[in-house]
Amino acid sequence: MKKVLAASLLLVAGMAYADTASELTRCEKILVAGFYHEAVEAVCDFDNQTSDALQAAYTDNHCAALMSAEAANQIIVATLKDARERYAAQGKTAFCSTANRNAYSTLTDFLIED
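Quantities reported herein were computed from a predicted structural model and do not represent experimental measurements.

It is worth spelling out helix α3 (residues 49-60) at this point. Its twelve residues give α3 an end-to-end C-alpha distance of 16 Å, which sits within 8% of 16 Å, the value for a rise of 1.5 Å per residue. Considered for burial, the residues of α3 that qualify are T50, S51, A53, L54, A57 and Y58. Along the axis of α3, the buried positions cluster into a sector of 160°, meaning they face one direction only. Opposite the buried face of α3, at more than 90 degrees from it, the exposed residues are Q55 and T59. In the stretch just after α3, H62 is the one whose phi turns positive, near 55°.

On to the packing of helix α2 (residues 20-44) against helix α5 (residues 69-95). Where α2 contacts α5, the two axes come as close as 9 Å, and the packing angle between them is 35°. Here α2 and α5 pass one another in a crossing that is right-handed. Here α2 contributes E28, L31, V32, F35, Y36, A39, V40, V43 and C44 to the contact with α5, which in turn contributes A72, I75, I76, T79, L80, D82, A83, R86, Y87, K92 and F95. Split by residue class, the contact of α2 with α5 holds 15 nonpolar, one polar and four charged.

Cut-offs applied
- Residues numbered from 1 in each chain as written.
- Predicted model: local features only at pLDDT ≥ 70, side-chain atom pairs only at ≥ 80, totals over all residues.
- Heavy atoms only, no water.
- Helix = DSSP H or I, 4+ residues; strand = E, 2+ residues; numbered from the N terminus.
- Expected span 1.5 Å × (residues − 1).
- Buried < 20%, exposed > 50% of the residue type's maximum accessible area, 1.4 Å probe, protein only.
- Arc of directions from axis to C-beta.
- Axes fitted to C-alpha atoms, helices over the stretch in contact; angles between N-to-C directions.
- Left-handed = near helix turned anticlockwise from the far one by under 90°.
- Contact = heavy atoms within 4.5 Å.
- Nonpolar A, V, L, I, M, F, W, Y, C, P; charged D, E, K, R; others polar.

Printed below as a string of structure tokens:
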């Protein structure tokens, strides 16, 4: 939880000097990462704390106020399509491989700390 707060504070502090375009880009990246990791969590039975932390970062950065619902929906659809295509091309074993789990765990460790 401490790292979620720290990451959110860093994002907010950085936003103070950023223009709207870079804030929007940050929100798009958070949205993509959140939905991609939610798909990975569902398919691979990984813990769901990473997508939850990214959802919190999206909220904490007021991304819904910066991005239209239509734009957010287009990003979500494209992200989930990409995840489905990767899964279809790789199969569950490769999609949920050690490399993907390690990347997921690294992000989780960065975002979440008790």
